[in-house]
Amino acid sequence: MIENSNDEFNKKNRCTRLITGFVISMVALVCFLSGGIPLFCFLMVVLFLAAKEYVQILRNKGFHPSLSLICATSLVFGLLIFFRRFDLVPCVLAFAIMASFLIVLFMGRQPYIANVATTALGFMYGGWLPCHLLLLRQMGSDSVNFFVPGLNEGLYYLLYVFLIVVATDIGAYYFGSKFGKTQLSKVISPKKTVEGAIGGGLFAVFVAAFGVFYTNLTLLEAIAGGVLITVFAQLGDLSESLIKRDAGVKDSSNILPGHGGLLDRTDSYVFALPVAYYYLACFTGGNNIIVDLITYLSNGV
């Protein structure tokens, strides 16, 4: 009787997980295709909810980062990227760091240093890094598309990254459940296995190779990008697990039925998006900063 009850619960949980995952994926896909304001609003909602989860996790540890500063700074980062005012990013970063100290200085409470540090980490980890989604979507576009969907190379690059991260999750789950024996990180995430990580990486690279059909990448560039993205997607997952493990929390929240919190579902993208953007911008399509640097030094000599 107990086994039947557990089977029914697991089946219901898997069904709920699939439905939730499908709905989220469809909403994200529509926003990816739309670009412009829909994508910006989608990202800001995700960042706000994820910031609330981040702050709540750290409160379990006894820290008190400023949710308002994290959200405000993330919003400003998003606006600067949306309107292509990259020159103001260092200015915002400088004042946000100073504001982290001032909030604790005038309104904060113990532990002071930890509250300053976790606030700064919050708008960098939960704000600046995810905002690379907008940078990636804008690639190949010369103007800001407010309402008209922009079918530029940024859209195809974004789909490329999205598919690689999804393939990583699927591959890791399948290979981990079938062949997983060696724990990847016993302390941080005991359920993850080396076999699952390798399987997820291999499946991700296989999916990445198909990027040659819908992007401007060569086969070598597509595969190299797949390796980078899947590695950093898994590192991003482990990094979020590190925060939760240190705070003694299993899930970042229960906002997503069958999945836990938004941080639990987006942690892979936090590292994957910036790595993908800088790889695609600096090392593909004839742009290679290493070759440019060598050429510059050679000409100087």
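Because the structure is a prediction, the values reported are computed rather than measured.

(A) The nonpolar core, seen in detail. Within the largest apolar cluster, 64 residues are counted, with the highest numbers of intra-cluster contacts made by Phe32, Leu136, Tyr160, Val161 and Ile229. Top element by residues in this core is helix H2 (residues 36-59). It accounts for 11 residues.

(B) Region of the structure containing the environment of Gly236. Take Gly236: it is sitting in helix H9 (residues 219-247). As a C-alpha pair, Gly236 and Tyr269 span 33 residues in sequence and 7.1 Å in three-dimensional space. Here Gly236 is in contact with Asp267 and Phe271, once residues within four sequence places are set aside.

(C) The arrangement of the state of the cysteines in detail. The full count for this structure, using the stated rule, is zero disulfides. Distance from the sulfur of Cys41, which forms no disulfide, to the nearest cysteine sulfur (Cys31) is 8.5 Å.

(D) Structural view of unusual backbone geometry. Although it is not a glycine, Arg84 adopts a positive phi angle of roughly 60°. Mapping Arg84 onto the fold places it in the loop between helix H3 (67-82) and helix H4 (89-107).

(E) The arrangement of the environment of Ala224 in detail. If you trace the backbone, Ala224 turns up in helix H9. With relative accessibility at 30%, the residue Ala224 sits in the partly exposed group. Through-space distance from the C-alpha of Ala224 to that of Val205 is 8.2 Å; in sequence the pair is 19 residues apart.

(F) Summary view of the layout of surface pockets. Of the volumes computed, that of the second largest pocket is approximately 200 Å³. If you go around the second largest pocket, you meet 14 residues; those closest to its centre are His64, Pro65, Ser66, Ile103 and Gly108. For the lining of the second largest pocket, the secondary structure elements donating two or more residues are H3, H4 and helix H5 (112-128). Of the residues forming the lining of the second largest pocket, the biggest block, four residues, is contributed by H4.

(G) Local environment of H5. When the terminal C-alpha atoms of H5 are compared, their 23 Å separation across 17 residues agrees well with the 24 Å that a helix rising 1.5 Å per residue should span. Taken as a whole, H5 has its buried residues at Ala114, Asn115, Val116, Thr118, Thr119, Ala120, Gly122, Phe123, Tyr125, Gly127 and Trp128. Tucked into the core, H5 has its buried residues touching H2, H3, H4, helix H6 (132-138), H9 and helix H10 (262-283).

Definitions and limits used
Residues numbered from 1 in each chain as written. Predicted model: local features only at pLDDT ≥ 70, side-chain atom pairs only at ≥ 80, totals over all residues. Heavy atoms only, no water. Core = buried A, V, L, I, M, F, W, Y, C linked by side-chain atoms within 4.5 Å. Buried < 20%, exposed > 50% of the residue type's maximum accessible area, 1.4 Å probe, protein only. Helix = DSSP H or I, 4+ residues; strand = E, 2+ residues; numbered from the N terminus. Contact = heavy atoms within 4.5 Å. Disulfide = S-S within 2.5 Å. 1 Å grid on protein atoms, 1.4 Å probe; cavity = no way out; pocket = protein on both sides within 12 Å on 5 of 7 lines; lining within 4 Å. Points joined across faces, edges and corners; volume = space filled by probe spheres on them. Expected span 1.5 Å × (residues − 1).

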